[in-house]
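Structural overview
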Amino acid sequence: MKVLVKIRRRALIADPQGTAVGKGLRDLGYDVSDVRIDRSITLEVGGTDQALVRQAVTEMCERLLANPVMEDYDIELLE
Amino acid sequence: MKVAVIVFPGTNCEHDAVYALEQVGADATLVWHRETDLSEFAGVVLPGGFAHGDYLRTGAIARFSPVMAEVERMAADGAPVLGICNGFQILCEAGLLPGVLLPNVDLAFICRYIDVVVTSTNSVLTRAAEPGQVLRIPLNSYEGNFTTSPREMDRLEADDQIVLRYSTPSGDTTDEANPNGAMRNVAGLANATGNVAGLMPHPERAIESMLGSADGAVLLRSFVESLAPAHL
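Attention in this report is confined to the structure presented alongside it. (Residues numbered from 1 in each chain as written. Chains lettered and ligands numbered in written order. Predicted model: local features only at pLDDT ≥ 70, side-chain atom pairs only at ≥ 80, totals over all residues.)

A short note on the overall build of chain B
- Helix and strand content of chain B: 5 helices and 11 strands.
- Counting only C-alpha atoms and orienting by the principal axes, one finds that chain B spans roughly 45 × 35 × 35 Å.
- The proportion of buried residues among the 232 residues of chain B is 59%.
- Put simply, of all contacts in chain B between residues at least 6 apart along the chain, 77% involve residues at least 24 apart. (Helix = DSSP H or I, 4+ residues; strand = E, 2+ residues; numbered from the N terminus. Buried ≥ 20, exposed ≤ 12 C-beta atoms within 10 Å, placed from the backbone. Contact = placed C-beta atoms within 7 Å.)

Describing the pairing of strand S2 (residues 27-32) of chain B
Residue and element names in this part refer to chain B.
- By the bridge criterion, 6 bridges tie strand S1 (residues 2-7) to S2 in an arrangement that is parallel. Note on S2: the bridge partner recorded for Val-3 is Ala-28.
- The parallel pair S1 and S2 is bridged by helix H1 (residues 14-23), and the resulting crossover is right-handed. (Pairing = 2+ DSSP bridges. Right-handed = clockwise from strand over helix to strand, strands pointing away.)

Some points on the interface of chain A and chain B
- At the interface, 9 residues of chain A touch 12 residues of chain B.
- No other element matches helix H1 (residues 16-27) of chain A, which puts 3 residues into the side of chain A that touches chain B.
- By residue class, the composition of the side of chain A that touches chain B is 7 nonpolar, 2 polar and no charged. (Nonpolar A, V, L, I, M, F, W, Y, C, P; charged D, E, K, R; others polar.)

Side note on helix H3 (residues 86-93) of chain B
Residues and elements named next belong to chain B.
- A large share of H3 lies buried, amounting to 8 of its 8 residues.
- By the burial criterion, the buried members of H3 are Asn-86, Gly-87, Phe-88, Gln-89, Ile-90, Leu-91, Cys-92 and Glu-93.
- Structurally, H3 contributes buried residues whose contacts are with strand S3 (43-46), strand S4 (81-84), strand S5 (100-102) and strand S11 (196-199).
- Looking at the residues trailing H3, positive phi occurs at Gly-95, about 80°.

Re unusual backbone geometry
Residue and element names in this part refer to chain B.
- With a phi close to 75°, Leu-56 is a non-glycine residue in the positive phi region.
- In this structure, Arg-184 is a non-glycine residue whose phi angle is positive, near 45°.
- Note on placement: Arg-184 falls in the loop between strand S9 (162-167) and strand S10 (186-190).
- Given 17 C-beta atoms within a 10 Å radius, Arg-184 is considered partly exposed.

Remarks on helix H5 (residues 217-225) of chain B
All names here are of chain B.
- Most of H5 sits inside the fold, with 8 of its 9 residues counted as buried.
- Taken residue by residue, H5 has Ala-217, Val-218, Leu-219, Leu-220, Arg-221, Ser-222, Phe-223 and Val-224 as its buried positions.
- Lining the buried residues of H5 we find H1, S3 and S4.

Everything listed is a geometric property; what it means functionally is a separate question.
In structure tokens:
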């Protein structure tokens, strides 16, 4: 089953990369603020039981893919 | 006293660490990250570099290298465990030290001497130093911006776990002396029992005045003096 995981820093955690990109966009003349750079990971997970796959991916997020100190994550089952 | 210097794929400061530890009296040995038995060692050092390419997050994958179970066991047993730069990031990811290291606030890779002031001697990293002592040590990192929640930070300060802070040459912890945006100028900290410590600057690159500074030696000497015979 194909799964999309989106990982983003919590709002209160600084995102220097997003800040730098926002500055670049403003230098180009765009009216933008609060640019945040998230991470997306797609993975093919064995099994067809949606609940079990979601449970496994949640565990992957908690253990490795996200750092619970500073990041939140969303899991989307794609098929 | 035998010290294991762990080598992950992408570690690049291991030889400096071994050399510096030996200069202050340790018997240091390189140990590959797939090793699962560190029982012959009294302490362990996670040196700098880019373990596992720093992919995902710095330290995120290294934290699950086979050797880390032994590092966690030694930490729990009270043995001295030190993380330098990338090693510090790995210890944070492993939960052996609190907080995270974010990219530097201005997104600059910093490679220069900085000053740090010893704010606690209650750790294996600083026990041989004097409180208030200012050390000039190279910083060499992109992700050294220590961050945690304000509440956790208050607790760390109350428990005397912040051992080194970025400072002026006279020891003032001003905003201007903070090179990377680290919360409250934190350059190094220890766990509650003081046996696990991490720092962003590189003491192993500051042990000979001929090469710029010998100020890092006192930190490594602290570590080596902390190696108790009980852990042999």
